[in-house]
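# Structural characterization, general
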There are 2 protein chains.
Amino acid sequence: MVNYLSRLQKLQEKMQRKQIDGFVVTQNVDIYYFTGTMQTGYLFIPAEGEAVFYVRRSIVRAQEESAVLVEELGSMRSFGERLKKQSPQLFEDGRSPILATEYDVLPVQVFERLRTAVPNANWTDGSLLVRETRMIKSPAEIAKIKEAAHVIDIAYEKAVNHVKEGMHEFELMSMIELTIRLNGHAGLMRMRGYNQELITGMVGSGAAAAMPTYFDGPAGGQGLSAAAPQSSSRKKIGQNEPVLVDIGCNIDGYVIDQTRTLVIGELSEELTRAYVVSERILRETEALLKPGTICEELYANALRIAREEGLADHFMGYGADQVKFLGHGIGLEIDELPVLAKGFTYPLEPGMVIAIEPKFTFPGVGVVGIEDSYAITESGFEKLTVSRDGITIVKP
Amino acid sequence: MVNYLSRLQKLQEKMQRKQIDGFVVTQNVDIYYFTGTMQTGYLFIPAEGEAVFYVRRSIVRAQEESAVLVEELGSMRSFGERLKKQSPQLFEDGRSPILATEYDVLPVQVFERLRTAVPNANWTDGSLLVRETRMIKSPAEIAKIKEAAHVIDIAYEKAVNHVKEGMHEFELMSMIELTIRLNGHAGLMRMRGYNQELITGMVGSGAAAAMPTYFDGPAGGQGLSAAAPQSSSRKKIGQNEPVLVDIGCNIDGYVIDQTRTLVIGELSEELTRAYVVSERILRETEALLKPGTICEELYANALRIAREEGLADHFMGYGADQVKFLGHGIGLEIDELPVLAKGFTYPLEPGMVIAIEPKFTFPGVGVVGIEDSYAITESGFEKLTVSRDGITIVKP
């Protein structure tokens, strides 16, 4: 069973260290993480004492699912009074409590409604506290991610068995999506960043995979149109070009992220060599995947190898569209902490789950690389993704 | 061809009427609407003069796709200086221009970065201006929505031909998703409201369709788990129970919304009667669908019919989970203006596109109803959805 109390306590400890008196959790994913329900409303967590989930809708479903005490939200105008009643000590003698909420996702309009409802509070950004709490996964969470990894492996093998020259990228993607959906995929993937969206991944072949992209990753794909400029396109998969299969799925909220490179026929020497370097980077990263390693060092080390191999210009995108990270946390969202990038000085800790994705982009030609997802353990790591590595070679 | 200049001019006219000096458009969908590209960055539209899209990523792709002048965003610190250079008259003599942005979707954190970058501006919420501009669709936009309607019809007919007793809801949903994806669906649907998400719709059978839901609609579905509590569930579709097939797809950014009710076997008299009332409401609403009709009157009229028929308690959900609208605008997002609900006093205008969805919920039993999408024309309406109406009866 999920220990929601321990999740709340971890956040409360962080709040106490930052002298935050209360946290108004607003985002659906964060609410689900702390309560077990994703109904809408505001979850109030005092720095000390019991949390209450004030539910807008559906109160019936929230009562069934929530591990935290549920009350009806009612009128927003009375929300401030409700908080005073719940935690009188925070407001006594005209005190202005310090309240946190998620500035990274909360729209200004909703925030202004909150500020009006609780006029005598001092607000502060608590995004990082929630994200850092969610960064360390429990065994139950890791088990869900492993389930998702298993589903993605089924989908990958099915794709390998069905890919044919002349098939449109989106056709192969459709087959992957069908397979994961029939195996329990929830039908959507979540990404936290503003304006970042996620399809279930992409099948990207040749030049289409190497298209520049707004997407915060090394290869976003061409997409079907400018109105959804990511994932698979109408391009036909050809012989002797790399096909990047970067896919995920969502099992009971938890996502996985995996990339494999396949080719119908064979890859050029240059691309084969770049692929081998991506595996070398992954193996050398694995050697450092243990508690205490500093996240940004993993990126620096990968970049060093790419440079050594003369591939720095192609590493994690090309030119102005290179991204400056090697991997990212996954969990309920695909862009969780920690990030393996400069400036992220978190030491690895047991319970972190990270997708590591060394890739090389050759404009006009394609993208090659590999991505596996790992849980950090006491002694090192557990690899969660299970698909076969190496370039997957399909006979023409 | 899309006339982006006319879109910008319409927003500029609204800005001038509200004495707004400039608009910083931040959201991916809004940026796409005004520029033709969905790359990331900030689109600055002065109340008079030319708009500039300051692109973070990908500049290459934005240059290819944008109808608006593109510049590299560069450092956020210099953004204020860039705006001053672009529109010096707004800042001259130490003036503090009034700048609008989309408070309904912009996260507080990003807003604070904007405020820091342009310190001497007075900010105001421009969400409604953008949403009202987007409310009136061009013939090219309506043509896209009709394409989506055609795809949904193909998917519906295929579902009808394949549905069988004992099939899981999510299996039928997977088939629908496969069909729309193979016919050009972008792989995601967009909803603007905070914490609102959209799968491609739902197949909801019997009691599962009638589950209370956070989703801002009359029937959200049970979903696969509490972590994605909407759309289809693992419930098996049975004989003689209503199956609500409420589905959409996204063609080049534009979504459609359609609901049909099917049954394997036959429906009870009570449910059949409720379905007939939903069609009566739709027909009586159609009779009023013409320029000049006030949006909220359509909801009031529908509610009056539901009351007359003794079905008010079941209309648009049940009990605490009833929603108080009859329909909603669709376009690039599924929750556009106008809304057919109390307080929405817009008169219908040519170019509005509205999904109208009278439905009746019977807890523990199921949901019946119909949803069609319409474009308002000079003389009345054009129905965009094309699927057969009536209860779809499938032989057991």
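Computed from a predicted model, the values in this text were never measured in an experiment. (Residues numbered from 1 in each chain as written. Chains lettered and ligands numbered in written order. Predicted model: local features only at pLDDT ≥ 70, side-chain atom pairs only at ≥ 80, totals over all residues. Heavy atoms only, no water.)

Quick look at the overall build of chain A now. For chain A, the helix and strand inventory stands at twelve helices and 19 strands. Its C-alpha atoms give chain A a radius of gyration of 23 Å, within 12% of the compact-globule value 21 Å for 396 residues. Oriented by its inertia axes, the alpha-carbon framework of chain A measures out at about 75 × 40 × 40 Å. Evaluated residue by residue, chain A yields a buried proportion of 64% over its 396 residues. Once local pairs closer than 6 in sequence are excluded, the contacts in chain A between residues at least 24 apart make up 67%. Accessible area of chain A: about 14,100 Å², with a carbon and sulfur share of 50%. Counting 41 positive and 53 negative side-chain charges, chain A places the averaged centre of each group 3 Å from the other. (Helix = DSSP H or I, 4+ residues; strand = E, 2+ residues; numbered from the N terminus. Rg over C-alpha atoms; globule rule 2.2 N^0.38 Å. Buried < 20%, exposed > 50% of the residue type's maximum accessible area, 1.4 Å probe, protein only. Contact = heavy atoms within 4.5 Å. Areas by Shrake-Rupley, 256 points an atom, 1.4 Å probe, with all protein chains shown as cover. Lys, Arg positive; Asp, Glu negative; His and termini not counted. Charge placed at Lys NZ, Arg CZ, Asp CG, Glu CD.)

Tallying the contact residues gives 68 residues for chain B and 68 residues for chain A. A buried area of about 5,800 Å², summed over both sides, lies between chain B and chain A, and 55% of it is on carbon and sulfur atoms. Run the count over chain B and chain A and you get six salt bridges. Residue Glu-177 of chain A is joined to Arg-181 of chain B by a salt bridge in which the shortest nitrogen-to-oxygen separation is 2.8 Å. Counting every contact that joins chain B to chain A gives 40 residue pairs in polar contact (both at pLDDT 80 or more). (Buried area = accessible area lost by both parts, 1.4 Å probe. Salt bridge = Lys/Arg side-chain N within 4 Å of Asp/Glu carboxyl O. Polar contact = N/O pair within 3.5 Å; in protein donor to acceptor, adjacent residues only side chain to side chain.)

All right, on to the environment of Pro-358 of chain B then. Examined against the element boundaries, Pro-358 of chain B turns out to sit in the loop between strand E14 (353-356) and strand E15 (359-362). Considered as a pair, Pro-358 of chain B and Glu-297 of chain B are 61 residues apart in the sequence and their alpha carbons are 14 Å apart.

All right, on to the environment of Phe-215 of chain B then. Along the chain, Phe-215 of chain B falls in the loop between helix H10 (206-209) and strand E8 (243-247). Using a relative accessible area of 13% as the deciding quantity, one classes Phe-215 of chain B as buried. Through-space distance from the C-alpha of Phe-215 of chain B to that of Pro-229 of chain B is 8.5 Å; in sequence the pair is 14 residues apart. If we skip the residues at most four places from it in the chain, Phe-215 of chain B touches Arg-57 of chain A together with Met-191, Gln-196, Glu-197, Leu-198, Gly-220 and Gln-230 of chain B.

Take the relation of the copies chain B and chain A next. With an RMSD of 0.0 Å, the fit of chain B onto chain A corresponds to turning through 180° and sliding 0.0 Å along the axis. Here the transformation between the copies is reduced to the relation of a two-fold axis. For chain B, the residue whose C-alpha comes nearest the rotation axis is Pro-107 of chain B, separated from it by 2.1 Å. A high fraction, 100%, of the interface residues of chain B reappear at the interface in chain A, so the copies pair face to face through one surface. (Least-squares fit on C-alpha atoms with pLDDT ≥ 70 in both.)

Within the secondary structure layout, Gln-12 of chain B lies in helix H1 (residues 4-17). Not counting chain neighbours up to four residues away, the residues in contact with Gln-12 of chain B comprise Ile-45, Pro-46, Ala-47, Glu-48 and Gly-49 of chain B.

For the rest of this paragraph, the subject is the environment of Pro-229 of chain A. Among the structural elements, Pro-229 of chain A can be located in the loop between helix H10 (206-209) and strand E8 (242-247). In this structure the C-alpha to C-alpha distance between Pro-229 of chain A and Glu-65 of chain A, which are 164 residues apart in sequence, comes to 37 Å. Not counting residues within four places of it along the chain, the set of residues in contact with Pro-229 of chain A comprises Thr-213, Tyr-214, Gly-221, Gln-222 and Gly-223 of chain A together with Met-38, Gln-39 and Arg-61 of chain B.

Before going further, it helps to examine the sheet that holds strand E1 (residues 22-25) of chain A. Residue and element names in this part refer to chain A. Taken in spatial order, the six strands line up as E4-E3-E2-E1-E5-E6 in an open sheet, and their pairing is mixed. With partners counted over all chains shown, the strands left at the sheet margins are strand E4 (69-72) and strand E6 (122-125), one partner each. Looking at each pair of strands side by side, their axes are set apart by 25° on average, direction ignored. Sheet topology note: the E1/strand E5 (residues 98-101) ladder contains two bridges and is parallel. Considered in E5, the bridge of Phe-23 is made with Ala-100. (Pairing = 2+ DSSP bridges. Axes fitted to C-alpha atoms, helices over the stretch in contact; angles between N-to-C directions.)

Another aspect to go through is helix H2 (residues 28-35) of chain A. Judged by how many residues are buried, H2 of chain A sits mostly within the fold: eight of eight residues are covered. Gly-36 of chain A, located one to two residues past H2 of chain A, shows a positive phi value of around 90°.

All names here are of chain B. At a minimum axis distance of 10 Å, the contact between helix H11 (residues 269-288) and helix H12 (residues 295-308) shows a crossing angle of 145°. Pair H11 / H12 crosses with right-handed handedness. From H11, Val-277, Arg-280, Ile-281, Glu-284, Thr-285 and Leu-288 reach across to H12, where they touch Leu-298, Asn-301, Ala-302, Arg-304, Ile-305, Ala-306 and Glu-308. Of the residues belonging to the contact of H11 with H12, the class tally is seven nonpolar, two polar and four charged. (Left-handed = near helix turned anticlockwise from the far one by under 90°. Nonpolar A, V, L, I, M, F, W, Y, C, P; charged D, E, K, R; others polar.)

All right, on to the nonpolar core then. A general tendency of soluble globular proteins is for nonpolar side chains to be buried together. All names here are of chain B. Counting 68 residues, the largest nonpolar core has Phe-23, Phe-34, Leu-43 and Ile-45 as its most contacted members. Here this core takes ten residues from helix H8 (residues 139-162), the largest share from any one element. Two domains each put at least three residues into this core: domain 1 (4-133) and domain 2 (136-394). Ignoring anything within four residues of it in the chain, the contact list for Leu-43 reads Phe-23, Val-24, Val-25, Ile-31, Phe-34, Thr-35, Ala-51, Val-52, Phe-53 and Val-68. (Core = buried A, V, L, I, M, F, W, Y, C linked by side-chain atoms within 4.5 Å. Domains from an automatic or database assignment.)

Residues and elements named next belong to chain B. Here E15 shows two buried faces, one formed by Lys-359 and Thr-361 and the other by Phe-360 and Phe-362. As judged from the four bridges shared by E15 and strand E16 (residues 366-369), these two strands associate in the antiparallel manner. Along E16, the bridge assignment pairs Lys-359 with Gly-369. Connecting the antiparallel pair E15 and E16 is a turn made up of three residues, with Gly-364 showing a positive phi of about 80°.

With that settled, consider the side chain of Lys-14 of chain B. All names here are of chain B. Turning to its location among the elements, Lys-14 is positioned in helix H1. The buried charged residue Lys-14 lacks any salt bridge, with Glu-132 as its nearest oppositely charged partner at 4.4 Å. With sequence-adjacent residues up to four places away left out, Lys-14 is seen in contact with Leu-129, Glu-132 and Thr-133.

Residue and element names in this part refer to chain A. Taken as a whole, chain A is organised into domain 1 (4-133) and domain 2 (136-394). Between domain 1 and domain 2, the C-alpha centre-to-centre distance is 35 Å. The interface of domain 1 with domain 2 comprises 15 residues on the first partner and 13 residues on the second. When the buried area of domain 1 at its contact with domain 2 is split by residue, Val-29, Arg-131 and Glu-132 rank highest and sum to 42% of it. Summed over the shared surface of domain 1 and domain 2, the number is three salt bridges. Measuring nitrogen to oxygen at the nearest pair gives 2.6 Å for the salt bridge that ties Arg-192 to Asp-104. In this assembly, domain 1 and domain 2 are joined by six residue pairs in polar contact (both at pLDDT 80 or more). Mapped by element, the contributors of at least two residues to the side of domain 1 that touches domain 2 are H2 and helix H7 (127-135). Residue contributions to the side of domain 1 that touches domain 2 peak at five residues, all from H2.

Before going further, it helps to examine the pairing of strand E7 (residues 201-205) of chain A. Residues and elements named next belong to chain A. Burial analysis of E7 places five of its five residues in the buried class, the great majority of the element. A two-sided burial pattern is seen for E7, the buried positions comprising Gly-201, Val-203 and Ser-205 on one face and Met-202 and Gly-204 on the other. The pairing of E7 with E8 spans five bridges and is antiparallel. Bridging from a neighbouring strand, Ser-205 pairs with Val-243 of E8.

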